[in-house]
Amino acid sequence: MKGSVEAMYSVMLVDDDQPVLDFLSAVIPWDELGLTLHSACKNGLVALEKAQAGMPDIVITDIGMPYMDGLELIRELKLRSEELRVVVLSCMDDFTYAQQAVKLMVSDYILKEMISRELITGLLRELGDDLRRRDADKAQTQKWKSMAENQKVLLKQSVLRRMAARELPDSEWRADAAELGILPDLTAHVAVLCRISGNAGENEAEELALMSCVESAAEAVRQEDTAAVCLPYSGRDCVLVFSGGMGNGADSGHISMLGRLRSAIQALPGVTASFQYLCIPAGGGHFREGIIELLSQGREYAFYLKPGELSSLKTLPPFTEEDLFLHYAEASQEIREAFLEEAADRLAALLSKWMDTIRARRYAPRQVKEWMLKLLYDNQMRLMARQQFQSTFSLELLHDTLTAIDHIDHLEEWSLQFFNERLPVIREMYQETRRDEIKKVKQYVDRHLNRKITLEEVAEYTHLNSSYFSRLFKKETGMSFIHYVTHTKMEQAKEWLDQSSQSVEQVAEQLGYENKSYFTKLFKLHTGTTPGEFRGEEGNRSAQTPGTTGTRRHYPC
């Protein structure tokens, strides 16, 4: 096909004379014209069956055929597609047939005795160009229509954002809101925060189209004495405003309407959503405060709502004031052990247990993301320390990814995937050697960091002579066994000094060191600083990081 051809159109050939079908199939320069052969049919009935499976763009048909003649075929096909282009080939020069063909709006009527390659090629080129002009006009019309619709959506988004900005006066949004039919001084309203999830709306254009579908759903379910407006906020969050006939709040009829709204939006392909509503009495001040409350609290509360859940914002319990980081050390220890032991099922169960705890106690979403960010980050750092190589891992990318997650189910799913993607690295790390004894010893060390581990102890554990085991370990890992144990313990010490308020003595004791001075000496050899200096340095760096308190590193989400 020539480079200038932009679209391919299909051509159906219909004639009870096989030589004619063979001739047309052979002489038409399909690629040159940007055409494909849809089918070659021996009569109208066969052609109609083929068209039911998929309509052609152009039909070249004879008139006189058994079972179903060409004119009847054209009538049937035109019922399915008025834009179908048709060329009639006929042995009949009777004006009556030509007149009927004209009434059916065929593109041309050609006598078979006049058929030539040049004639057919020229005619099909004109029809192909005509179809391309049609499609270009449709595309341009759709483009302008989409631009107009998008401008409407963006205007509504702008109204909502100005309304939610306390620093702006009411005059900045009232006039535009009135044009949308929102008159807060004259009527009460029911505002619904709709958070959409699922596969729909993967880019900006799809999100704008999705908002139009949501508004159509709201318009379809509204009561006769109410009006409905969809105000997009960001991404997949929007506020649906129902006004008129609200009295002082939502009665059973309005709740029923919201139930129908939920069903209508849930019926959209690939869409699930949660809904929170707020009854707003008449008065501009009430309306603005209600919208701000719905956006500020509702968007946070949506983090825990189940798909399809419909709740009054006023009935949802507040977040707990308990510090989730009080449970960090326990969770980190459990999850680390399962991870290092390559226990994928136990890892999933532990992550699920902690996320269920978070759901039950309703920690603030920001803190939950911060907690999970630290859990994932610390795990990555431990992994890199054990591998002893530089990684392209990006804390900023991890932070941005978690910040964008707007539901706890998605956070759990993504975090589990994070761990599972790294399990093969653990397996590779433990299986750098083909010796199963070395793998077992590394796992043994990871599980017994809380006490002194001797060479003789692990040699006995592996049923090997201690001298032989020492040489084997050095050969397979590149370091002595004692060096490996110390390295692993010092990495754990760095984590505890960073994440907890335990004293240096307590950290040393938890790692099996009875002598603080000896622990301090080993730590300085490993890190270049004493434990106290390390903690001070980490604290100074943390103090420069937004969202940080004490010596614990927080990563604001």
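Residues numbered from 1 in each chain as written. Predicted model: local features only at pLDDT ≥ 70, side-chain atom pairs only at ≥ 80, totals over all residues. Heavy atoms only, no water.

1. Some remarks on the packing of helix α11 (residues 328-340) against helix α12 (residues 344-361)
Running from N to C, α11 and α12 point in directions that differ by 165 degrees, and their axes come no closer than 8 Å. As the angle between them shows, α11 and α12 are arranged roughly antiparallel. In this structure, α11 crosses over α12, and the sense of that crossing is left-handed. Contacts between α11 and α12 involve E330, A331, E334, I335, E337, A338 and F339 on the former and, on the latter, R346, L347, L350, L351, K353 and W354. Split by residue class, the contact of α11 with α12 holds 8 nonpolar, no polar and 5 charged. (Axes fitted to C-alpha atoms, helices over the stretch in contact; angles between N-to-C directions. Helix = DSSP H or I, 4+ residues; strand = E, 2+ residues; numbered from the N terminus. Parallel < 35°, antiparallel > 145°, perpendicular 65-115°, else oblique. Left-handed = near helix turned anticlockwise from the far one by under 90°. Contact = heavy atoms within 4.5 Å. Nonpolar A, V, L, I, M, F, W, Y, C, P; charged D, E, K, R; others polar.)

2. What to know about the side chain of H407
Inspection of the secondary structure puts H407 in the loop between α14 (395-404) and α15 (408-430). For H407, a relative accessible area of 15% corresponds to the buried category. A polar side-chain atom of H407 sits 3.0 Å from the main-chain amide nitrogen of D409. When sequence neighbours within four positions are dropped, the list of residues in contact with H407 reads A302, F303, Y304, L305 and K306. (Buried < 20%, exposed > 50% of the residue type's maximum accessible area, 1.4 Å probe, protein only. Polar contact = N/O pair within 3.5 Å; in protein donor to acceptor, adjacent residues only side chain to side chain.)

3. What to know about unusual backbone geometry
Phi angles above zero are rare outside glycine, and Y67 is one such case at about 70 degrees. Within the fold, Y67 resides in the loop between β3 (58-62) and α4 (70-80). Look at Y67 and you get exposed, because its relative accessible area is 71%. The phi torsion at E342 lies on the positive side, around 60 degrees, for a residue other than glycine. By the element assignment, E342 lies in the loop between α11 and α12.

4. Overview of the sheet that holds strand β1 (residues 9-14)
Strand order across the open sheet formed by 5 strands is β2-β1-β3-β4-β5, with parallel pairing between neighbours. Strands at the two margins of the open sheet, each flanked by one partner only, are β2 (35-41) and β5 (108-111). The average undirected angle you get between the axes of adjacent strands in this sheet is 20 degrees. Examined bridge by bridge, β3 and strand β4 (residues 85-90) share 5 bridges and lie parallel to one another. Within β4, the residue paired with D62 across the bridge is L89. (Pairing = 2+ DSSP bridges.)

5. Re the pairing of β3
Among the 5 residues of β3, 5 are classified as buried, and the element is accordingly described as predominantly covered. Of the two faces of β3, the one holding I58, I60 and D62 and the one holding V59 and T61 are both buried throughout. Taken together, the 4 bridges between β1 and β3 define a ladder with parallel strand orientation. Residue pairing across strands places V14 opposite T61, the latter belonging to β3.

6. Examining helix α21 (residues 516-527)
Helical geometry: 3.6 residues make up each α-helical turn, so side chains three or four residues apart lie on a common side. Helix length check: α21 (12 residues) gives 16 Å between terminal C-alpha atoms against 16 Å at 1.5 Å per residue, within 8%. The set of residues buried in α21 consists of F519, L522 and F523. Along the axis of α21, the buried positions cluster into a sector of 100 degrees, meaning they face one direction only. For α21, the exposed residues lying more than 90 degrees away from the buried face are S517, K521 and L525. You can read the cap of α21 off the contacts: a side-chain oxygen lies 2.8 Å from the backbone nitrogen of S517, and it is on N515. (Expected span 1.5 Å × (residues − 1). Arc of directions from axis to C-beta.)

7. Some points on the packing of aromatic side chains
Following the criterion strictly, the structure yields 19 aromatic pairs and no others. For the pair Y304 and F319, a centre-to-centre distance of 6.1 Å together with 50 degrees between the ring planes defines the contact as tilted. Within this pair, whereas Y304 is found in the loop between α10 (284-301) and β10 (310-312), its partner F319 is found in the loop between β10 and α11, the two being separated by 15 residues in sequence. No difference in accessibility class separates Y304 from F319, as the two residues are buried. (Phe/Tyr/Trp six-rings, centres within 6.5 Å; stacked < 30°, edge-to-face > 60°.)

8. Things to note about the environment of V425
Examined against the element boundaries, V425 turns out to sit in helix α15. The exposure class assigned to V425 is partly exposed, which follows from its relative accessible area of 22%. With 42 residues separating them in the primary sequence, V425 and L383 have C-alpha atoms 8.4 Å apart.

9. Observations concerning the nonpolar core
In this structure, V239, I291, I358 and W371 are the most contacted members of the largest nonpolar core, which totals 59 residues. Broken down by element, this core gets its largest block of residues, 8 residues, from helix α13 (residues 365-387). The residues contacting I291, other than those within four sequence positions of it, are L160, M163, A191, V239 and I280. Counting residues in hydrophobic clusters, the runner-up holds 30 residues, among them I438, A459, L472 and M479. (Core = buried A, V, L, I, M, F, W, Y, C linked by side-chain atoms within 4.5 Å.)

10. Overview of the packing of helix α3 (residues 44-53) against α4
At a closest axis distance of 10 Å, the pairing of α3 and α4 adopts a crossing angle of 10 degrees. Taken together, the axes of α3 and α4 are roughly parallel relative to one another. Within the contact between the two elements, α3 uses G44, A47, L48, A51 and Q52 and α4 uses L73, E76, L77 and R80.

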